[in-house]
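Topology and contacts: notes
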Amino acid sequence: MTTMTEASVREFKMPDVGEGLTEAEILKWYVQPGDTVTDGQVVCEVETAKAAVELPIPYDGVVRELHFPEGTTVDVGMAIIAVDVAGGTAPAAPAPAAQPEAPQEEAKPVGSGRQPVLVGYGVAQTSTKRRPRKGADVPRQEPAAQAVQAELNGHGHGPAAAVAPPRPLAKPPVRKLAKDLGVDLATVTPTGPDGIITREDVHAAVAPPAPAAEPVPQAAPTAPAAAPALAPPATYDTARETRIPVKGVRKATAAAMVGSAFTAPHVTEFVTVDVTRTMKLVEELKEDKEFAGLRVNPLLLISKALLVAIKRNPDVNASWDEANQEIVQKHYVNLGIAAATPRGLIVPNIKDAHARTLPQLAQALGELVATAREGKTTPAAMQGGTVTITNVGVFGVDTGTPILNPGESAILAIGAIKLQPWVHKGKVKPRQVTTLALSFDHRLVDGELGSKVLADVAAILEQPKRLITWA
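Note that the structure is a prediction, hence the values are computed from the model and not measured.

Conventions adopted
Residues numbered from 1 in each chain as written. Predicted model: local features only at pLDDT ≥ 70, side-chain atom pairs only at ≥ 80, totals over all residues. Heavy atoms only, no water. Helix = DSSP H or I, 4+ residues; strand = E, 2+ residues; numbered from the N terminus. Buried < 20%, exposed > 50% of the residue type's maximum accessible area, 1.4 Å probe, protein only. Areas by Shrake-Rupley, 256 points an atom, 1.4 Å probe, with all protein chains shown as cover. Pairing = 2+ DSSP bridges. Salt bridge = Lys/Arg side-chain N within 4 Å of Asp/Glu carboxyl O. Core = buried A, V, L, I, M, F, W, Y, C linked by side-chain atoms within 4.5 Å. Axes fitted to C-alpha atoms, helices over the stretch in contact; angles between N-to-C directions.

1. Let's talk about the overall build of the protein
- Within the protein one finds 9 helices and 21 strands.
- The 471 residues of the protein split such that 40% are buried.
- Approximately 25,600 Å² of the protein is accessible, and the part contributed by carbon and sulfur atoms is 57%.

What follows is the structure, given as structure tokens:
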């Protein structure tokens, strides 16, 4: 792909559509070469590790070229579309199916146009100098141009930016590992592709040097040992197996669950509770005019019960700061709701759920579920959660041992509500019963505290009038 040099052509780069994300997949183009676009018009939909997001173009003009076809994963900071802001009508040929080379946008003077920023802190200085794709002819910026580009990205500090050393290339988990181990990435020798520092590089930097081997007398020559037999290459039955690339939401979910399971020591407790009175209250609220047009279901009252339990046991609402060795107590509750979507599991949260009335909570739950089903959940809606609820009962499952959402202290799993024989007032009667499971981070939550929270939730669901007396 040829880099355009006309002064009227603007290159729109892949922005950072979520905090710290490094790449996104182009799902769909809404424009083609030759189309006229206006400032703020959505030109494509991309999928990050957190959500699908529509990208608006930040200027008027005519599309000259689409640098990548649909289905391509593009690094943040790489140009994805060229627009002739002077209104030219000579479009270039559309991008081929093969992955094209990455164009490098020429540095522009300060004030020549706004940097495309969607969510987070925009395109960082290093994102315009990411590793080039193989075969790409990436022009080298002079120090002065680097300083100007840094100013455009909001990271410049005058002339000093021109002489600043380049930032080492490493992914966020590797940077966190280096910080935890006290390793300066600038001193690490990278072995990854295109100069990227890997986890092994960081571990090698802190490993003690191997002691010098003691000289040993030379033994008499012996027959050479037989070379170990190579393992046969793995074979796959393509007729009866389908291999799906791990990317997008599935990739992010896998990384988050592995990180959570092997970082936070999980403890899960269970309680089986009679929720017959809660189910009767659900039916009564459906007829209440205050809930007209709102969806009232058991999840609403269970969510409120958990919020009341947290209010009675505020220490459970916290997070663990490994870097500073601190427990961060949260004086607010952003209530996460695990949602299964066609793209995979996501956990959007209701901001400041603790401060909402029951009708407000019902409205927020309805909007959250509808947005998730439509695939329109934004990255911001999935950040900052403090505790989460996962409703496995909708699948007919009695209970489970849920894994914590990273950075949170607890997650409550709701089992299926079933009619079961239950001792009620000294007699065995059919009652509506469910099992609750609470997993919590044992670094933050002791067994006593976790047990109190779960017991309070159960007590409220057994006697929902406690929503009034305890709140």
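2. So, the sheet that holds strand β6 (residues 61–66)
- Overall, antiparallel pairing links the 4 strands, which are arranged β1-β8-β6-β3 in an open sheet. Each having just a single partner strand, β1 (9–13) and β3 (36–37) make up the two edges of the open sheet.
- The pairing of β3 with β6 spans 2 bridges and is classified as antiparallel. Its bridge partner lying in β6, T36 is registered against V62.

3. Details of the pattern of salt bridges
- All told, the structure shown has 9 salt bridges when counted by the stated rule.
- Its salt-bridge partner being K376, residue E54 comes within 3.8 Å of it at the nearest N-O pair. Highlighted residues: E54 in strand β5 (residues 52–56) and K376 in the loop between α7 (358–373) and β18 (387–391), separated in sequence by 322 residues.
- Between D274 and R431 there is a salt bridge; the shortest N-O distance is 2.8 Å. Of the two residues, D274 sits in strand β11 (residues 266–274) while R431 sits in strand β21 (residues 427–441), which places them 157 residues apart along the sequence.
- On the basis of relative accessible area, D274 is assigned to the buried category, the value being 3%.
- The network of salt bridges with common partners includes E322, D441 and R443.

4. Focus: unusual backbone geometry
- Unusually for a residue other than glycine, Q325 sits at a positive phi of about 55°.
- Take Q325: it is sitting in the loop between β12 (318–321) and β13 (326–329).
- For Q325, a relative accessible area of 53% puts it in the exposed group.
- The residue K425 is not glycine, and still its phi comes out positive at about 55°.
- With respect to the secondary-structure elements, K425 resides in the loop between β20 (418–424) and β21.
- Judged by its relative accessible area of 70%, K425 is exposed.

5. A short note on the nonpolar core
- Core analysis: the biggest nonpolar cluster contains 48 residues, and L300, L306, L335, I389, L412, L436 and V457 have the highest contact counts within it.
- Those elements that place two or more of their residues in this core are α5 (276–286), α6 (298–312), β14 (335–337), α7, β18, β19 (410–414), β21 and α8 (447–462).
- Among the elements that make up this core, the one with the highest residue count is α6 (10 residues).
- Among the nonpolar cores identified, the runner-up in size contains 25 residues, and V46, V53, I57 and I80 belong to it.

6. Considering the sheet that holds strand β4 (residues 42–47)
- Overall, antiparallel pairing links the 4 strands, which are arranged β5-β4-β2-β7 in an open sheet. Taken across any chain shown, the strands that pair with only one partner, and hence form the sheet edges, are β5 and β7 (73–75). Each strand axis lies, on average, 40° off the axis of its neighbour in the sheet, ignoring direction.
- For β4 and β5, the ladder comprises 5 bridges, and the chain directions are antiparallel. Bridge pairing in β5 places V42 opposite P56.

7. What to know about the pairing of β18
- Counting buried positions along β18 gives 4 out of 5 residues, so the element sits mostly inside the fold.
- The pairing of β14 with β18 spans 3 bridges and is classified as parallel. In the strand pairing of β18, G336 is matched with T388.
- As paired strands, β18 and β19 are joined by 5 bridges and run parallel to one another. The residue bridging T388 from the neighbouring strand is I411, located in β19.

Functional significance is not addressed by these values, which are geometric in nature.
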